[in-house]
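Secondary and tertiary structure notes
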Amino acid sequence: MAPFDFAQGARLLVGVLLLLCTPAFAEKTRVTLVSTGDDARAEVFQASLAELLARLQLTLDVRGLTDGGAPAGEALAAVDADFTEAEAIKLTVIDDLGRTVMVRRLTRPGASPQLQAEAAAHVVQSVMEELITASRWKPPAVDPPPLAQPPLEEAPHEALAAKAPTPEPKKPAGRFGIDFAPYFNARSFLNGAPIVPGGGVAAAFALKLGRFRPTLTVLGDYHAPFSHGDAQISLKIETVSLRALATLDVLGSDAFRIDVALGGGADLFSSAPSSGQLPQSRLGGHRTDADPVLTAAVLGHLAIFASVDIFLGVTVDFDTWPVRYVARTPLGPEKLYQPYFIRPAVMLGFTFNSLGPDPYSRGGS
């Protein structure tokens, strides 16, 4: 059993005596404060509590064990604030009937002494609000049931929670949404050409239908130029790919999804011939060709936030009208390039939902 704290007991006795000397029918306008320990925190606590109690039409009567002055007004409660611990404040509140209505030890490691003292003042203020409400309570005019009692006083934090306004329910965001997705990709175009890196952006127009979220996605990407040919004739080729895809999420949860997509578009090939042996007039000039393709894709999305995900996709293009570049040479026509009939690609990027309901109900926080 812990030893009896005589100093604290004496302070509580002073508070009880001051309260019991108050007539029960008098208007309660005063709160008695007895504080010990760290003077700096006590001064901040006293100043903050006096300001908060003034809003409730209460005055703060600061007393010590040797204070024999006459009380100013009738006491509503007595507060004992113990600042002897370095990172804690012990609060005891006694009502006008001599009952202990609150004993609390407040700790906030790392907080400044001023912030700690002000937080303690707010706790005491909430208790005073409850005491004022209880003192003004009157029984109903009708005879109460045999076991009827006034409502029990709530703990300060419960009282504050009860007084907090109820948030309005969030309005539904609708079913239509728009996503934007920047991405990197790599595609193989020509026989003998290396994998060509590139990047682009996609815009997806989504419609929420139950657990499904079909989208119409429009995307375009640009690929780094590459050269193709031989020592006699060489071509510098740049490509731009444009696609429109219908996408459906076939598998997913509130943190990931897998989409399949079908659609089509065109690859634009911009080529310029050059040669160290033949004159430019024999080679022809710059030309641009559009190559229509059909596209199938599978994409996996992993949620980072409710409205942001990272995705990895694999696409396959099927060339429907291959473009060929043929040069005339002394030995006859020579085919310089022709794209693959089937052109695979991979893409990696991020999706940002900018309008409409979030695609995921959760994600990283």
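Reference entry: report on the structure contained in this document. (Residues numbered from 1 in each chain as written. Predicted model: local features only at pLDDT ≥ 70, side-chain atom pairs only at ≥ 80, totals over all residues. Heavy atoms only, no water.)

1. Thoughts on the pairing of strand 15 (residues 342-355)
Here is the rule we go by: The pairing criterion is simple: DSSP has to find at least two bridges between the two strands. Numbering of helices and strands starts at the N terminus; helices are DSSP runs of H or I of at least 4 residues and strands are runs of E of at least 2.
Pairing analysis gives eight bridges linking strand 6 (residues 176-187) to strand 15, with the strands arranged antiparallel. Across the sheet, Asn-185 pairs through a bridge with Met-347, a residue of strand 15. When strand 12 (residues 308-319) meets strand 15, the two strands line up antiparallel, connected through eleven bridges. In the sheet register, Asp-309 faces strand 15, and the bridge partner there is Thr-351.

2. Comments concerning the packing of aromatic side chains
What counts is decided by this rule: Only rings of Phe, Tyr and Trp enter the pairing, Trp through its six-membered ring, and a pair is recorded when the two centres are within 6.5 Å. The plane angle decides the type: under 30 degrees is stacked, over 60 is edge-to-face, the rest tilted. Note on exposure labels: buried denotes an accessible area under 20% of the residue type's maximum, exposed denotes more than 50%, and partly exposed covers the range between, all computed with a 1.4 Å probe on protein chains only. The rule is short: NZ of Lys or CZ of Arg within 6 Å of the ring centre and within 35 degrees of the ring normal puts a charge over the ring.
As enumerated under the stated definition, the model contains one aromatic pair in all. Aromatic side chains Phe-45 and Phe-83 sit 5.6 Å apart centroid to centroid with 65 degrees between the ring planes, which places their arrangement in the edge-to-face category. In this pair, Phe-45 is assigned in helix 2 (residues 39-54) and Phe-83 in strand 3 (residues 74-83), connecting sequence segments 38 residues apart. This pair shows no difference in class: Phe-45 is buried, exactly as Phe-83 is. In this arrangement the basic side chain of Arg-211 is found over the ring face of Phe-212, its NZ or CZ atom lying 4.4 Å from the centre.

3. Comments concerning empty space enclosed by the protein
Put simply, the rule is: Lining residues are defined by having an atom within 4 Å of a point belonging to a cavity or pocket. Those points lie on a 1 Å grid over the protein atoms alone, cavities being sets where a 1.4 Å probe fits but cannot get out and pockets being open sets with protein on both sides within 12 Å along at least five of seven lines. Grid points are joined across faces, edges and corners, and a volume is the space filled by probe spheres set on the points.
For the structure on display, the rule yields three cavities of 30 Å³ or more. By volume, the largest cavity amounts to about 350 Å³. Lining the largest cavity are 30 residues, and of these Ala-202, Thr-217, Leu-299, Phe-311 and Met-347 lie nearest its centre. Of all the secondary structure elements, the ones that give two or more residues to the lining of the largest cavity are strand 6, strand 7 (196-207), strand 8 (215-229), strand 9 (234-252), strand 10 (256-274), strand 11 (287-305), strand 12 and strand 15. The leading source of residues in the lining of the largest cavity is strand 6, at six residues.

4. A short note on the environment of Ser-307
Applied cut-off: We call two residues in contact whenever any of their non-hydrogen atoms come within 4.5 Å of each other.
Note on placement: Ser-307 falls in the loop between strand 11 and strand 12. Separated by 54 residues in sequence, Ser-307 and Ser-361 place their C-alpha atoms 8.7 Å apart. Beyond its immediate chain neighbours, meaning those up to four positions away, Ser-307 contacts Thr-351, Phe-352, Asn-353, Asp-358 and Pro-359.

5. Topic: the packing of helix 2 against helix 3 (residues 113-135)
Convention followed: Fitted lines through C-alpha atoms give the axes, limited to the stretch in contact for helices. The angle between two N-to-C directions lies from 0 to 180 degrees. A clockwise turn of the near helix away from the far one marks a right-handed crossing, whereas an anticlockwise turn of less than a right angle marks a left-handed crossing. Asp, Glu, Lys and Arg are counted as charged, while Ala, Val, Leu, Ile, Met, Phe, Trp, Tyr, Cys and Pro are counted as nonpolar; the rest, among them Gly, fall into the polar class.
Between helix 2 and helix 3, whose axes approach to 8 Å, the crossing angle comes to 35 degrees. At the point where helix 2 passes helix 3, the crossing takes the right-handed sense. Note on element contacts: helix 3 touches helix 2 through Pro-113, Gln-114, Gln-116, Ala-117, Glu-118, Ala-120, Ala-121, His-122, Val-124, Gln-125 and Met-128, opposite Arg-41, Val-44, Phe-45, Ser-48, Leu-49, Leu-52 and Leu-53. Considered class by class, the residues forming the contact of helix 2 with helix 3 number eleven nonpolar, five polar and two charged.

6. What about the pairing of strand 6?
In this sheet, strand 7 lies alongside strand 6 in antiparallel orientation, the contact comprising twelve bridges. Looking at strand 7, one finds that Arg-187 is bridged to Val-196.

7. Concerning the environment of Tyr-183
For clarity, the cut-off: Nitrogen and oxygen atoms within 3.5 Å of one another constitute a polar contact, given that in protein one can donate a hydrogen and the other can accept it, and given that sequence-neighbouring residues count only through two side-chain atoms.
On the secondary structure map, Tyr-183 appears in strand 6. Sequence separation between Tyr-183 and Gly-198 is 15 residues, and the spatial gap between their C-alpha atoms is 8.8 Å. With sequence-adjacent residues up to four places away left out, Tyr-183 is seen in contact with Gly-199, Gly-200, Val-201, Ala-202, Leu-219, Gly-220, Asp-221, Phe-311, Met-347, Leu-348 and Gly-349. A polar side-chain atom of Tyr-183 sits 3.4 Å from the main-chain carbonyl oxygen of Gly-220.

8. Observations concerning the pattern of salt bridges
Put simply, the rule reads: Any carboxyl oxygen of Asp or Glu within 4 Å of a side-chain nitrogen of Lys or Arg constitutes a salt bridge here.
A complete count under the given rule lists 16 salt bridges for this structure. Across the pair Arg-55 and Glu-51 runs a salt bridge, and its minimum N-O distance is 3.4 Å. A residue is classified by how much of its surface remains accessible, and Arg-55, at 52% relative accessible area, is exposed. With a shortest N-O distance of 3.4 Å, Arg-343 and Asp-291 are connected by a salt bridge. With Arg-343 in strand 15 and Asp-291 in strand 11, this pair connects stretches of sequence that are 52 residues apart. By the burial criterion, Arg-343 is buried, and Asp-291 matches it.

By themselves, these figures tell us nothing about what the structure is for.
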